[in-house]
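Working through the structure, step by step
Chain by chain, the residues:
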Protein chains: 2
Amino acid sequence: MESDIYETAWQKLLDSIIYYEDRPVGTVAALDTEGEAVNYDQCFIRDFVPSALIFLIKGKTEIVRFFLLQTLKLQIKETQLDFLEPGRGLMPASFKVVYVDEEEYLKADFGDRAIGRVTPVDSCLWWLFLLRAYVIATEQYCLAHSPEFQKGIRLIMELCLSARFDMYPTLLVPDGSSMIDRRMGIDGHPLEIQSLFYSALLTARQLLIPDRENFKILKAVENRLEPLAAHIRHHYWLDIERLNIIYRYKGEEYGEEALNQFNIYSNSIPYAQLSEWLPEAGGYLVGNLGPSKLDCRFFSLGNLMAILSSLTTKKQSQAIMNVIEQKWEDLIGYMPMKICFPALKNRDWEVLTGCDPKNRPWSYHNGGNWPVLLWMLAAAAQKTNRIEIAQKAIEIAARRLKTDEWAEYYDGKNGRLIGKEARKYQTWTIASFLCAKEILDNPQNMKIVSFDFNDLVECS
Amino acid sequence: MESDIYETAWQKLLDSIIYYEDRPVGTVAALDTEGEAVNYDQCFIRDFVPSALIFLIKGKTEIVRFFLLQTLKLQIKETQLDFLEPGRGLMPASFKVVYVDEEEYLKADFGDRAIGRVTPVDSCLWWLFLLRAYVIATEQYCLAHSPEFQKGIRLIMELCLSARFDMYPTLLVPDGSSMIDRRMGIDGHPLEIQSLFYSALLTARQLLIPDRENFKILKAVENRLEPLAAHIRHHYWLDIERLNIIYRYKGEEYGEEALNQFNIYSNSIPYAQLSEWLPEAGGYLVGNLGPSKLDCRFFSLGNLMAILSSLTTKKQSQAIMNVIEQKWEDLIGYMPMKICFPALKNRDWEVLTGCDPKNRPWSYHNGGNWPVLLWMLAAAAQKTNRIEIAQKAIEIAARRLKTDEWAEYYDGKNGRLIGKEARKYQTWTIASFLCAKEILDNPQNMKIVSFDFNDLVECS
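The rules behind these values
- Residues numbered from 1 in each chain as written.
- Chains lettered and ligands numbered in written order.
- Predicted model: local features only at pLDDT ≥ 70, side-chain atom pairs only at ≥ 80, totals over all residues.
- Heavy atoms only, no water.
- Helix = DSSP H or I, 4+ residues; strand = E, 2+ residues; numbered from the N terminus.
- Expected span 1.5 Å × (residues − 1).
- Buried < 20%, exposed > 50% of the residue type's maximum accessible area, 1.4 Å probe, protein only.
- Contact = heavy atoms within 4.5 Å.
- Salt bridge = Lys/Arg side-chain N within 4 Å of Asp/Glu carboxyl O.
- Polar contact = N/O pair within 3.5 Å; in protein donor to acceptor, adjacent residues only side chain to side chain.
- Pairing = 2+ DSSP bridges.
- Axes fitted to C-alpha atoms, helices over the stretch in contact; angles between N-to-C directions.
- Left-handed = near helix turned anticlockwise from the far one by under 90°.
- Nonpolar A, V, L, I, M, F, W, Y, C, P; charged D, E, K, R; others polar.
- Phe/Tyr/Trp six-rings, centres within 6.5 Å; stacked < 30°, edge-to-face > 60°.
- Lys NZ or Arg CZ within 6 Å of the ring centre and 35° of its normal.
- Core = buried A, V, L, I, M, F, W, Y, C linked by side-chain atoms within 4.5 Å.
- Least-squares fit on C-alpha atoms with pLDDT ≥ 70 in both.

1. So, helix H4 (residues 122-138) of chain B
All names here are of chain B.
- With 17 residues, H4 should cover 24 Å at 1.5 Å per step; its first-to-last C-alpha distance of 24 Å lies within 8% of that length.
- The buried fraction of H4 is high, at 16 of 17 residues.
- Of the residues trailing H4, glutamate 139 is marked for its positive phi of about 60°.

Right, dumping it as structure tokens:
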């Protein structure tokens, strides 16, 4: 019975592979045969991440290599000083194989066909994550060291590090520019992007050859790492001690020495709820920070990726795992795990989502439960040596996923309902489940998803 | 009596001048002697705009020249690939004269000491506006054509036009990055910045010498102008006809041909209020646009500057003036004019301002009345040949400003209360009043504040 579910999952994953020039190049978003395809026939870069990881773990490395090569070709390479094309360095949200006059080619979507026209900022960051995973898994560092890949990495870094209207070490992005690709009050400097950005900086430092061409960009990468980590570890961190400090903030402080640098009014913080909810030994990174803004929602992806990239200190990582363990009903419930907690409700939902019916409270991105987060949870648990959390979560997922036909997401405060508009046979649900199990069973697999600040990749 | 108020104003304006190396270089924000100075002893770039205009009109051009020269020196010139300094091309929010060992120098503030640490995106755009006004007023085109100024213009354009995480022709900026320099739900692509950006593009096209060095950037400027205008004129425009279309939008449209490109849910639009409020012959540019976001508040600065820069069509400009005329109580009331309408209230205020007590409903930036907007209103009225609007507005202002000691802003739904925390003798209140009168009295003065798409500045 137990092996059965893994075999079924693996078979479904193989079924989702798409081919280009007769070679595997990615996986479709979902194999759901009910309803119209809309854009589920595409390979999304972010969706392919758990697929790629499990393929690497299982030794099927060719599909990942070909994916990296082909998506690199889709990256915008020309300097764009007009807006008519996406910015140089940007990677598409997704691609699909199309046929014109019996010729195959890959058609990229940079958000220009997406619902709401959102920009896929996370794509280029995930792409770097996968490139690093590939070269570590295969020890084929030469791929990353080839001129094309060096240029690709450089362009992504230039895009992230170029001059901009901002004074923080974090990245300024539009609302909905990552996995949460709908408006949900995560404009500005959302945690998810910052965690991925930090891992991207570490990757660039590992993979860029320190030659003359890369000298300047490597220096910029180096200059950004520590201030970014310091900024997040301090200003984004919330535990009962920080909550006490913020609660007593004075407003309108002027000058370089201001304690309340971002002019946050403590009435805007749900301090009554937080003071009850926060475990004594718990803490987490808040979702966002800006002038007069501290978004205290718990965002899982940003917190888990912060642990994996060592953006959080060891102590902070343990505190995050404590929150997950002690707030199990809220953050795991009947399906690991909640994408963010709590949901936006009532007027907050109207104002911040723009009355998005798909993001009703406790549904979809607004407090739904997403099995794709399982691989990150398992990896964070493994990294912090809290494997009982991963075990328990995988058991919960195993109880339902096959029966529920590998649903995309779950609704309800405890994740007990299959998502109202969830696709079945969602590839990243399947891949994440497989990946989580492999990470739990074999700590060696951590090397492709975990970062240490001092990591260096040697040239082979 | 009438001349008396103008003489008093002029004298107060002269008193506000600050000197550097014994030469006039700017005006302080306020001459209020009550209360502590905080940052009102600085010269803010955006605050200096009406001062500069009235000085140019009155033939006192040297202060403007020296201001342009000195602020140009404060612009960030080095490539910044780390975040540790503001982006290359950025202009400071303000500067002040400081003394170290009896040596004078100018100290710039890029927002690093500001309350809430906001980035002054509008500074570089206003700086270009003033440079153009100066060269037109003095016919000293050679100043703009000098290598230093050419470089300064180029850097601003590069900052605005460089690669970024965005797919629109508009500029992505953090919340509170312009005159409304506190959080107020104007993150993303706020109208105020887009109107100033359009005038900056027109200015760059006029003032950059078409040589080899400028070739690429001039092409980029040219490429951006029309798509930006088309985007704003279509997607930001709201009148009863557009409201009808948006009201019947279908959600979740996918693909390039989607009618509801930004996936706006009509429940998020205050259509009931708007269908009552909007005059039949009226229309205006909405405050913001993004995925699932259409901010229907009326922002005065963005709309007036859109008229001045010809970002709106002639028909649209008339429709905006119709709204101002027919919604006089709401938008002008007892002091021209309302900065935005309506105010954020209740939970919207909590969520979008972060409970900012200075931005309570109908106070300060959140629906307060600002005399500084008078010069833009007068100029927009002059440009659209609706001078009775300017006359009436100036009369209203004249009745109160001197008695109220040139208050910074007014509170209340109808602008009848002097702002709770308003400074007295606020320089831009004084300068704007003088400037409005000169623009009304002499249409020739329009040439320094108004743009036509086909404007060209000849080299002398």
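2. Describing the interface of chain A and chain B
- Counting residues at the interface gives 76 residues for chain A and 76 residues for chain B.
- At the surface where chain A touches chain B, the tally comes to four salt bridges.
- Notably, a salt bridge pairs arginine 182 of chain A with glutamate 252 of chain B, separated by 2.4 Å at the nearest N-O pair.
- In this assembly, chain A and chain B are joined by 10 residue pairs in polar contact (both at pLDDT 80 or more).
- Sorting the residues of the side of chain A that touches chain B by element identifies strand S5 (103-109), helix H6 (147-161), helix H8 (212-235) and helix H14 (346-353) of chain A as the ones contributing at least two each.

3. Side note on the pattern of salt bridges
Residues and elements named next belong to chain A.
- Enumeration over the complete set of coordinates arrives at 44 salt bridges over all chains.
- In this structure, aspartate 122 and arginine 46 form a salt bridge, with 2.6 Å as the shortest nitrogen-oxygen distance. Placement of aspartate 122 in helix H4 (residues 122-138) and of arginine 46 in helix H2 (residues 45-57) is noted, with a sequence separation of 76 residues between them. As far as the burial class goes, aspartate 122 and arginine 46 line up, both buried.
- Three or more residues are tied together by salt bridges with common partners; here these are Arg46, Asp122 and Asp181.

4. Brief notes about the sheet that holds strand S9 (residues 340-341) of chain B
Residue and element names in this part refer to chain B.
- Pairing is antiparallel across the open sheet formed by four strands, whose spatial order is S6-S7-S8-S9. Each of the sheet's edge strands pairs with one partner strand only, and the pair in question is strand S6 (237-239) and S9.
- In the sheet, S6 pairs with strand S7 (residues 283-290) via three bridges, with the strands oriented antiparallel. Each residue of the ladder has a partner; that of leucine 238, found in S7, is tyrosine 284.
- The strands touched by helix H8 (residues 215-235) within the sheet are S6, S7 and strand S8 (293-299), with S6 carrying the most contacts at an inclination of about 25°.
- Across the sheet, helix H12 (residues 314-326) lies against S6, S7 and S8, angled at about 100° from S7, the strand it touches most.

5. Digging into the packing of helix H7 (residues 191-207) of chain A against H8 of chain A
All names here are of chain A.
- Contact pair H7 / H8: the axes reach a minimum separation of 10 Å and the direction vectors enclose 145°. For the pair H7 and H8, the crossing hand works out as left-handed. Within the contact between the two elements, H7 uses Gln194, Phe197, Tyr198, Leu201, Leu202, Ala204 and Arg205 and H8 uses Leu218, Val221, Glu222, Arg224, Leu225, Leu228, Ala229, Ile232 and Arg233.
- Looking at the contact of H7 with H8 residue by residue, the class counts come to 11 nonpolar, one polar and four charged.

6. Section: the side chain of threonine 429 of chain B
All names here are of chain B.
- Turning to its location among the elements, threonine 429 is positioned in helix H17 (residues 427-441).
- Given a relative accessible area of 0%, threonine 429 falls into the buried group.
- Of note is the side chain of threonine 429, whose polar atom sits 2.9 Å from the backbone oxygen of alanine 407.
- Here threonine 429 is in contact with Pro371, Leu401, Trp406, Ala407 and Glu408, once residues within four sequence places are set aside.

7. Observations concerning the packing of aromatic side chains
Residue and element names in this part refer to chain A.
- One pass over the structure, following the stated rule, counts 40 aromatic pairs over all chains.
- Between the aromatic rings of phenylalanine 67 and phenylalanine 95, the centroid separation amounts to 6.2 Å while the plane-to-plane angle is 45°, which identifies the pairing as tilted. With phenylalanine 67 in helix H3 (residues 62-74) and phenylalanine 95 in strand S4 (residues 94-100), the pair connects residues that are 28 residues apart, well separated along the chain.
- Classification of phenylalanine 67 as buried rests on a relative accessible area of 0%.
- Residue phenylalanine 95 is classed as buried on the basis of its relative accessible area, which comes to 0%.
- Here a set of aromatic residues connected by ring pairs shows up, and it is made of Trp277, Tyr284, Phe298, Phe341 and Trp362.
- Seen from the ring of phenylalanine 451, arginine 132 lies directly overhead, with NZ or CZ sitting 3.7 Å from the centre.
- When the ring centre of tyrosine 364 is taken as origin, the NZ or CZ atom of lysine 358, which lies over that ring, is 4.3 Å away.

8. A closer look at the nonpolar core
- Residues Ile324 and Trp375 of chain A together with Ile324 and Trp375 of chain B are the most contacted members of the largest nonpolar core, which totals 341 residues.
- Every residue in contact with tryptophan 375 of chain A, bar those within four places of it in the chain, is listed here: Val49, Pro50, Leu53, Trp126, Phe129, Met305, Leu308, Ser432, Cys435, Ala436, Ile439 and Val449 of chain A.

9. Focus: the sheet that holds strand S3 (residues 43-44) of chain B
Residue and element names in this part refer to chain B.
- Ordered in space as S3-S4-S5, the three strands form an open sheet in which the pairing is antiparallel. Since the sheet does not close on itself, it has two edges, and those belong to S3 and strand S5 (103-109), each with one partner.
- As paired elements, strand S4 (residues 94-100) and S5 share seven bridges and run antiparallel to each other. Within S5, the position partnered with tyrosine 99 by the bridge is glutamate 104.

10. Section: the side chain of serine 300 of chain A
Residue and element names in this part refer to chain A.
- If you trace the backbone, serine 300 turns up in helix H11 (residues 300-308).
- Relative accessible area serves as the criterion here: at 0%, serine 300 is assigned to the buried category.
- Once you skip the residues sitting within four places of it in the chain, serine 300 turns out to touch Met337, Lys338, Ile339 and Leu373.

11. Focus: the relation of the copies chain A and chain B
- When chain A is fitted to chain B, the residual RMSD is 0.0 Å, and the transformation amounts to a turn of 180° plus an axial shift of 0.0 Å. Such values leave the two copies arranged in the relation of a two-fold axis. When C-alpha distances to the rotation axis are compared across chain A, the minimum falls at arginine 347 of chain A, with a value of 3.4 Å.
- When the interface residues of chain A are mapped onto chain B, 100% of them are again interface residues, pointing to one common binding face.

12. With respect to the packing of helix H16 (residues 387-400) of chain B against H17 of chain B
Residues and elements named next belong to chain B.
- Between H16 and H17, whose axes approach to 10 Å, the crossing angle comes to 145°. Note on packing geometry: the crossing formed by H16 with H17 is left-handed. Contact with H16, carried on its side by Ile387, Ala390, Gln391, Ile394, Ala397 and Ala398, involves Phe433, Ala436, Lys437 and Leu440 of H17 and no other residues of that element.
- Residue composition of the contact of H16 with H17, by class: eight nonpolar, one polar and one charged.

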